[in-house]
Every structure is written in C-alpha cells, then in structure tokens.
Amino acid sequence: MASLLVTGGAGFIGSNFVHYWLRSHPGDSVTVLDSLTYAGNLASLEPARAEQRFRFIHGDILDRECVDRILSDHSIDTIVHLAAESHVDRSIHGPGAFIQANLVGTYTLLEAARTCWLKDGSPGNGRFHHVSTDEVYGSLGPEDPAFDEDTSYAPNSPYSASKAGSDHLVRAYHHTYGLEVTTSNCSNNYGPYQFPEKLIPLMLVNALHGRALPIYGDGMNVRDWLFVEDHCRGIEAVLLHGRSGRTYCIGGNTERTNMEIVRQLCLHLDERLGSEPSLQERFPDCPASSGSTCGELVSFVKDRPGHDRRYAIDATRIEGELGFRPVESFESGLALTIDWYLRNESWWRGIMDGSYRQWIDTNYGS
Ligand code: NAD
Ligand code: TDX
C-alpha cells in the first residue's frame with residue numbers, strides 16, 4: 001500500500017489524477033497539498049472527499065515546515081508533483097509568481113524529500129515524480145521532428161523557463177544526492193475540471209454565451225492534444241514501471257492547429273444544441289440555439305507575445321519501455337469533455353461568477 005502526496009491536487013490535472021488513482025488503486029492513500037490559488041478548486045475534489053483514504057491539506061509547497069510535517073505524519077512514500085502556476089498568458093504579465101511556485105516551490109519539495117527519505121545519505125524508499133511540460137523544448141518548425149527526451153531545452157516564455165528550471169533541479173537531486181526521481185514532459189491536456197482560461201474550456205464557455213472566440217494571431221499554431229485521463233495513465237505507467245532518474249515524454253499523437261480545434265468544437269456544439277431543446281433553453285445566447293453556427297463567433301485577436309508555433313511529442317520511449325498508449329482519440333476525448341461541461345454547469349458557473357472565490361476567501365483566507 002502506497003501513501004501518495006499529490007501537490008496541486010485541486011487543479012485541473014491534479015484533481016483528475018486523484019480521482020483516477022483512488023479508483024485504480026484501492027489500497028493506496030492520497031494526500032493533496034494545495035494552496036488554492038485562483039486555479040485550485042475544492043469542488044473538483046468533491047467526489048474524493050467522502051473517501052477515508054483521501055485527505056486535503058490547504059498549504060503551500062513553499063512552506064517547508066508544512067511539507068516536512070506532511071511527509072512524516074502521513075509516511076509519504078511517493079510525491080506526485082503537479083503544483084504550479086500553469087498559464088502562459090499570466091506568466092507574460094507577471095512572471096514572479098511562476099518563479100516562486102515552479103522553481104522555488106520545486107526546490108522546497110526536493111529539499112524536504114531529500115531530508116526525509118535520505119536521512120543517513122543512503123537511498124530511501126521514496127519516489128519523487130515531477131510533472132512537466134513539452135513547452136520546455138521550445139518551438140518546432142513545420143517540418144521539424146517531434147520533441148523527444150533528447151531534445152535540447154529552449155524555453156521561450158517565463159512559464160516554460162520556470163518549468164525548465166524545475167526539471168533541471170529534479171535531475172540534479174537524482175545525480176547529486178541519489179534521490180529517486182522520474183519526470184514526465186507532457187503535451188497539451190484537455191478534459192473535465194480545466195479552468196476556463198485555457199483554449200478548449202474558454203472557447204466552449206464563450207460559445208455557450210454567444211461571446212467572441214478570441215483566436216491569437218492567424219490561428220495556425222499547432223499543439224499536440226491529450227485527454228487528461230490518458231495523461232494520468234501515463235503518469236501511472238511511469239510511477240509503477242519507470243526507471244529512476246529517467247525522463248518520459250507523454251503525448252497524444254494528435255497535432256492540430258488552434259483553428260481546427262475551435263472549428264471542431266463549434267461543429268460539435270452546433271450539433272448538440274441544434275438538436276436538444278433543453279440545451280437551447282439553458283443557453284439561449286449560443287448561436288446554435290437559434291439555428292445559426294458557433295463558428296460565426298470566431299474573432300482573430302492580437303497574437304500572444306513570443307507565441308510558440310508548434311509542439312509535438314515523439315512518445316516512442318514511453319510506448320516501447322512502458323507499453324503506454326492513449327485510450328481516447330481527440331474526437332472521443334472532445335465529446336467526453338463537452339458532455340462533462342454541459343452536465344457540470346455549476347462547476348464552471350461558480351468560477352465565472354466569483355461565488356466560489358468568495359467561499360474560499362471566507363473559509364480558507366484569500
Ligand atoms: P492548474 O493551474 O490547473 O493547477 C495548478 C494547481 O497548483 C492549482 O490547484 C493551484 O492551486 C496549485 N498551486 C499553485 N501554486 C501552488 C503552491 N505554491 N503551493 C501549493 N499549490 C499550488 O494546472 P494544471 O493544468 O493542472 O497543470 C498541473 C501540472 O502539469 C503543472 O505542473 C503544469 O506545468 C503541468 N502540465 C500541464 C499541462 C496542461 O496542458 N495543462 C500539460 C503538461 C504539463
Ligand atoms: O484565448 C485563447 N486564444 C488562443 O488562440 C487562448 C487562451 C489560447 N489560444 C492559443 C494559444 C495556444 O497556441 O491556443 C493554444 C493553447 O493555449 P493554452 O490553452 O493557453 O495552452 P498553451 O499555451 O499551449 O499551454 C498549455 O499546454 C502546456 C498549458 O496551459 C500549459 O500548462 C502546459 O504546460
């Protein structure tokens with residue numbers, strides 16, 4: 001029986017990971033440490049909160065005492081580190097928070113793990129898994145081969161630079177101190193519980209309200225999309241079978257331009273709302289509710305500064321070594337995602353109208 005600490009477990013991927021792990025590993029316990037920034041949402045953990053094997057701790061990965069206490073009080077043997085500032089646009093406007101959370105936060109966790117697990121300098125029983133991103137490798141040209149584990153680092157945004165720095169720290173703690181670590185660098189995720197500032201949920205929520213769909217630049221930037229539960233399966237494969245000290249790239253083998261993503265999302269919504277009167281009643285401002293198309297909401301806006309053109313992952317290592325392959329296609333994953341947002345309106349409404357934030361400030365401090 002393992003005792004996991006999931007940092008950032010109230011965020012998008014973290015909450016999906018917690019649900020996936022509790023479901024798939026009935027003997028394990030899961031402790032979440034999350035400071036509940038604007039991106040953290042306790043409602044995303046609601047289904048887990050009834051489980052005795054689950055505990056939520058409101059705290060910051062930068063708080064060394066708090067991390068030390070958790071590691072020893074709950075005999076943590078596995079850290080799955082997801083806590084981070086994660087939105088590229090926010091990193092452009094305010095890089096400081098990214099350096100603190102992503103770089104200093106990862107350093108703080110590594111120090112705590114080293115102190116707890118390598119007490120007498122000999123290898124202990126703990127494993128530190130670091131969840132990172134393909135953005136650390138920079139931007140690809142149209143004909144370039146996809147990123148793999150040997151691609152040189154070339155981060156272009158304050159976000160990706162802070163993640164790159166954290167990857168290097170994790171590597172260094174393995175080489176210098178012998179800490180048992182693994183790192184995964186994943187492509188763009190989408191799915192349930194994603195904060196509606198990222199491309200897919202933002203476009204979805206805007207389209208339902210008949211608001212503009214803001215496409216940066218020419219809309220031809222390419223991302224490699226992976227359904228979030230497949231990412232969770234990939235992390236699981238690395239945790240269970242990955243080699244210590246090794247890095248694994250995880251991708252969806254699904255390169256799409258942003259325009260293709262938005263077009264497909266619009267077609268899907270046109271079909272659902274065009275044929276379901278109950279959805280038309282709930283979302284009267286969506287063009288699809290009155291026989292028109294969501295595509296008419298597309299609006300080209302000023303490009304993101306330093307906008308990376310293309311990301312793609314070559315997942316040969318994780319496929320060959322660990323037998324991991326995504327289960328969902330982009331089409332099935334997108335359908336699941338849209339369906340989830342339509343069924344869970346109260347989740348995203350609470351974020352959009354500020355009532356959730358008020359509740360957090362009252363109960364947990366701002
Ligand atoms: P998210 O922004 O949805 O969630 C981040 C969570 O971390 C939030 O719950 C937040 O409250 C928490 N957090 C932030 N700073 C903290 C701190 N100092 N102490 C404790 N908790 C803190 O992010 P996400 O999209 O779920 O991403 C999770 C991880 O996966 C990140 O490390 C990100 O870099 C990486 N990643 C994300 C994607 C993607 O497409 N979303 C792809 C590859 C890798
Ligand atoms: O309104 C928008 N319009 C638009 O054209 C938004 C929010 C995004 N975009 C574009 C920018 C990107 O080319 O869509 C693409 C995806 O944007 P984001 O959802 O912001 O994701 P990205 O910048 O690619 O980064 C994501 O994937 C890698 C996650 O946010 C990171 O945390 C992860 O590491």
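The rules behind these values
Residues numbered from 1 in each chain as written. Chains lettered and ligands numbered in written order. Predicted model: local features only at pLDDT ≥ 70, side-chain atom pairs only at ≥ 80, totals over all residues. Heavy atoms only, no water. Helix = DSSP H or I, 4+ residues; strand = E, 2+ residues; numbered from the N terminus. Polar contact = N/O pair within 3.5 Å; in protein donor to acceptor, adjacent residues only side chain to side chain. Contact = heavy atoms within 4.5 Å. Phe/Tyr/Trp six-rings, centres within 6.5 Å; stacked < 30°, edge-to-face > 60°. Buried < 20%, exposed > 50% of the residue type's maximum accessible area, 1.4 Å probe, protein only. Lys NZ or Arg CZ within 6 Å of the ring centre and 35° of its normal. Disulfide = S-S within 2.5 Å.

(A) Examining the side chain of asparagine 102 more closely. By the element assignment, asparagine 102 lies in helix α4 (residues 96-117). Engagement of the side chain of asparagine 102 in a polar contact is seen with the side chain of serine 162, the distance being 3.0 Å. Residues in contact with asparagine 102, not counting those within four places in the same chain, are Ala84, Glu85, Tyr159, Ser162, Lys163 and Ser166.

(B) View of the packing of aromatic side chains. For the structure shown, the criterion picks out 16 aromatic pairs. A ring pair is formed by tyrosine 190 and tryptophan 225, whose centres lie 6.3 Å apart and whose planes are at 70°; its orientation type is edge-to-face. Within this pair, whereas tyrosine 190 is found in strand β7 (residues 188-190), its partner tryptophan 225 is found in strand β9 (residues 222-227), the two being separated by 35 residues in sequence. With 5.0 Å between their ring centres and 80° between their planes, tryptophan 340 and tyrosine 341 make a pair best called edge-to-face. You'll find tryptophan 340 and tyrosine 341 in the same group, each marked buried. Site record: aromatic cluster; members linked through ring pairs are Tyr137, Phe147, Tyr153 and Tyr311. Across from the ring centre of tyrosine 38, 3.4 Å away, lies the NZ or CZ of arginine 90, which sits over that ring. Above the face of the tyrosine 177 ring, arginine 114 is positioned so that its terminal group lies 3.9 Å from the ring centre.

(C) Just the state of the cysteines, in detail. Evaluation of the coordinates by the stated rule reveals 0 disulfides. In this model cysteine 186 remains outside any disulfide bridge; the closest cysteine sulfur is found in cysteine 249, 9.2 Å from its own. You can call cysteine 186 buried: its relative accessible area is 3%. Free cysteine: cysteine 232, not disulfide-bonded; nearest cysteine sulfur from cysteine 186 at 9.4 Å.

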